[in-house]
Amino acid sequence: MLSPRSVNIKSVRFLVFTALVIFCVMLGLKLMVNLPDPGIYSALDDSKVVSTQLRQLRAQVGKLKILLAKNGIANPYENLESLPTIFAITPTHTRPLQKAELTRISQTFLLIPNFHWIIVEDAEIRTPLVTNLLAQSGLSYTHLNAETPKEWKLLLEDPQWKKPRGVKQRNAALQWLRNHADPRKPAVVFFADDDNTYSLELFEEMRNTKTVSVWPVGLVGNVRFERPILDEHDKVANWSTGWRPERPFAIDMAGFAINLKLLLDNPDAEFSFDAPRGYQESTILGAVVTKENLEPKASKCTKVYVWHTRTENPKLNDVKGKVPGMVVDWTVEV
């Protein structure tokens, strides 16, 4: 049995550790927000130093967020009043790559201040895999589930374009925002699919979106990149795309962000199973904005900060029993 003195020492150590971690997180986030965007130093001799310091600081903040989550300590500096919140909506479904994909993008999201992840599973119930991953992620998050109707589900052998994906999940996230987001606080909504790769610069580009911001997307539509084409007044005039440029908004799902207020003011804005192939983006954007009011980002749409990478599905011979003598251990989460 522990003596009262031992219990008191352990309590003091825990309180000191907690205070230290909280102080470090607050200091790190404060410094990270106050640091200028490294992009503005591109013409200066010390640009590499500033960029390196910013990356190191973000890495330290990410580690501290994870440490807080693992010790069950609430992050007291999660929301900075000086920054609009970014709500990232991610539909996800069970597959061999799911944990790897979610782990990869979550560790990018971890480095973004004022960020809230809304992850929606295409499932009848929320799964332990995603539940545990989120709990240990260090992120501010909301975990939902919304199952795609059977008639709209892709079969294993179906090409990804055959049926619309993520419709019910994205709509569930939009409904959650309309029910729970504070309309008095500035925020932006971004649709962050789990098979993309995101640069940190992308999120700072979108953060101060007034209507709908747009930018290029790499490795999409069977071309190196797609982007909005601007006129002499730096307004979106047309689209450079590998597929159906006549679409009202010929843009990838990863190529835009919407000011939260537009979605709250337009409660009928949502995605649709009935939209023609490739028109999901036009369906949601057409309900909240016109092309004339789009905000080009990423240096007038000349820089690529997001890539539609789509990890290749692995061939799992052990699962199919094609590896002699190998026993499949289903208790190990992959």
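Shown above is the structure to which this text applies.
Residues numbered from 1 in each chain as written. Predicted model: local features only at pLDDT ≥ 70, side-chain atom pairs only at ≥ 80, totals over all residues. Heavy atoms only, no water.

**Concerning the overall build of the chain**
Operational definition: By the criteria applied, helices consist of DSSP H or I runs no shorter than four residues and strands consist of E runs no shorter than two, each listed in order from the N terminus. Only protein chains enter the calculation, and the probe is 1.4 Å; a residue is then buried if its accessible area is under 20% of its type maximum, exposed if over 50%, and partly exposed in between. Note on definitions: a residue-residue contact is assigned when non-hydrogen atoms from the two residues lie within 4.5 Å. Throughout, the Shrake-Rupley method with a 1.4 Å probe supplies accessible areas, and for residues the shown protein chains are the sole cover considered.
Scanning the chain for helices and strands turns up nine helices and 12 strands. Out of the 334 residues in the chain, the part that is buried amounts to 45%. A fraction of 73% describes how many contacts in the chain between residues 6 or more apart in sequence connect residues 24 or more apart. Summed over all atoms, the accessible surface of the chain reaches about 18600 Å², with 55% contributed by carbon and sulfur.

**Quick word on the sheet that holds strand S3 (residues 140-145)**
As a reminder, the rule being used: The criterion for strand pairing is that DSSP finds at least two bridges linking the strands in question. Each axis is a line fitted through C-alpha atoms, taken for helices only over the stretch in contact, and angles between the N-to-C directions span 0 to 180 degrees.
Judged by pairing direction, the sheet is mixed, and its seven strands sit side by side in the order S3-S2-S1-S4-S10-S6-S11 without closing on themselves. With partners counted over all chains shown, the strands left at the sheet margins are S3 and strand S11 (294-296), one partner each. Averaged over neighbouring strand pairs, the angle between their axes works out to 25° when direction is ignored. Each of strand S1 (85-92) and strand S2 (115-121) touches helix H3 (residues 98-109); the most contacted strand, S2, lies at about 165° to it.

**Considerations on the pattern of salt bridges**
The following threshold applies: Each salt bridge in this description consists of a side-chain nitrogen of Lys or Arg and a carboxyl oxygen of Asp or Glu lying within 4 Å of one another.
One pass over the full model with this rule turns up 12 salt bridges. Salt-bridge contacts for Lys162 lead to Asp158; the nearest nitrogen and oxygen are separated by 3.7 Å. Asp158 gets classed as buried once you look at its relative accessible area, which sits at 15%. For Arg184, the salt bridge identified is with Asp182, shortest N-O distance 3.0 Å.

**With respect to the side chain of Lys297**
Topologically, Lys297 is positioned in the loop between S11 and helix H9 (298-301). In contact with Lys297, other than residues within four places in its own chain, are Glu205, Ser213, Val214 and Trp215.

**Some points on the pairing of strand S9 (residues 236-240)**
Each regular strand shows side chains that alternate between the opposite faces of the sheet. When strand S8 (residues 223-230) meets S9, the two strands line up antiparallel, connected through four bridges. Across the sheet, residue Arg227 finds its bridge partner in S9, namely Ser240. Connecting S8 to the antiparallel partner S9 that follows it, the hairpin turn spans five residues, and Asp234 within it adopts a positive phi of roughly 60°.

**Brief notes about the environment of Ala187**
Residue position: Ala187 is located in strand S4 (residues 187-191). The exposure class assigned to Ala187 is buried, which follows from its relative accessible area of 6%. Here Ala187 is in contact with Pro84, Thr85, Phe87, Asn259 and Leu260, once residues within four sequence places are set aside.

**Details of the nonpolar core**
How we decide: Throughout, nonpolar core names a set of buried Ala, Val, Leu, Ile, Met, Phe, Trp, Tyr and Cys residues whose side chains join them through atoms within 4.5 Å.
Counting residues in hydrophobic clusters, the biggest one holds 36 residues, and the most contacted among them are Val212, Phe256 and Ile258. For this core, the element with the most residues is helix H5 (residues 167-180), which contributes five residues. Not counting residues within four places of it along the chain, the set of residues in contact with Val212 comprises Phe256, Ala257, Ile258, Leu262, Leu285, Val288, Val289, Asn293, Leu294 and Glu295. Grouped together as the second largest cluster of nonpolar side chains are 32 residues, Phe115, Ile119, Leu134 and Trp215 included.

**Section: the packing of H3 against helix H4 (residues 128-135)**
Heads up, the condition is: Put simply, angles under 35 degrees are roughly parallel, angles over 145 are roughly antiparallel, angles from 65 to 115 are roughly perpendicular, and the rest are oblique. Each crossing is labelled by how the near helix is turned from the far one, with a counterclockwise turn of less than a right angle marking it left-handed and a clockwise turn marking it right-handed. Just so you know the grouping, Ala, Val, Leu, Ile, Met, Phe, Trp, Tyr, Cys and Pro go in nonpolar, Asp, Glu, Lys and Arg go in charged, and all remaining residues, Gly too, go in polar.
Closest axis-to-axis distance for the H3/H4 pair is 11 Å, and the angle between their directions is 20°. Classed by the angle they form, the pair H3 and H4 counts as roughly parallel. Taken as a pair, H3 and H4 cross one another with a handedness that is right-handed. Every residue of H4 that contacts H3 at Gln98, Lys99, Leu102 and Thr103 is listed here: Leu129, Val130 and Leu133. Its residues placed into classes, the contact of H3 with H4 shows four nonpolar, two polar and one charged.

**Digging into the side chain of Asp122**
The condition is simple: Pairing of N or O atoms within 3.5 Å defines a polar contact, subject to two protein rules: one partner must be a possible hydrogen donor and the other a possible acceptor, and residues neighboring in sequence count only if both atoms are side-chain atoms.
By the element assignment, Asp122 lies in the loop between S2 and H4. Reaching out from Asp122, the side chain makes a polar contact with the side chain of Lys153 at a distance of 3.4 Å. Discounting residues that sit within four places of it in the chain, Asp122 has contacts with Thr92, His93, Ala146, Glu147, Thr148, Lys153 and Gln169.

**A few points about a nonpolar patch on the surface**
So the rule is basically this: Surface patches are drawn from residues lacking salt bridges whose relative accessible area is over 30%; two like charges belong together within 9 Å, two nonpolar side chains (Val, Leu, Ile, Met, Phe, Trp, Tyr) within 5 Å.
On the surface, Leu316, Val319 and Trp330 cluster together to form a nonpolar patch covering roughly 330 Å² of accessible area. On the secondary structure map, Trp330 appears in the segment after strand S12 (306-307).

**Some thoughts on the packing of aromatic side chains**
Short version of the rule: Working definition: rings of Phe, Tyr and Trp (its six-membered ring) pair if their centres are within 6.5 Å, and the pair is stacked with planes under 30 degrees apart, edge-to-face with planes over 60 apart, and tilted otherwise. In this scheme, Lys NZ or Arg CZ marks a charge over a ring once it lies within 6 Å of the ring centre and within 35 degrees of the ring normal.
Summed over the entire model, instances satisfying the criterion amount to 13 aromatic pairs. Measuring from ring centre to ring centre gives 6.0 Å for Phe115 and Phe203, while their planes differ by 85°; the resulting arrangement is edge-to-face. Placement of Phe115 in strand S2 and of Phe203 in helix H6 (residues 200-206) is noted, with a sequence separation of 88 residues between them. Taken individually, Phe115 and Phe203 each receive the classification buried, so the pair is uniform in this respect. Arranged with centres 6.0 Å apart and planes meeting at 55°, the rings of Tyr198 and Phe203 form a pair that is tilted. Judged on exposure class, the residue Tyr198 and its partner Phe203 are both buried. Ring pairs connect the aromatic residues Phe109, Phe115, Trp117, Phe190, Tyr198, Phe203 and Trp215, which therefore count as one cluster. Across from the ring centre of Phe271, 5.5 Å away, lies the NZ or CZ of Arg170, which sits over that ring.

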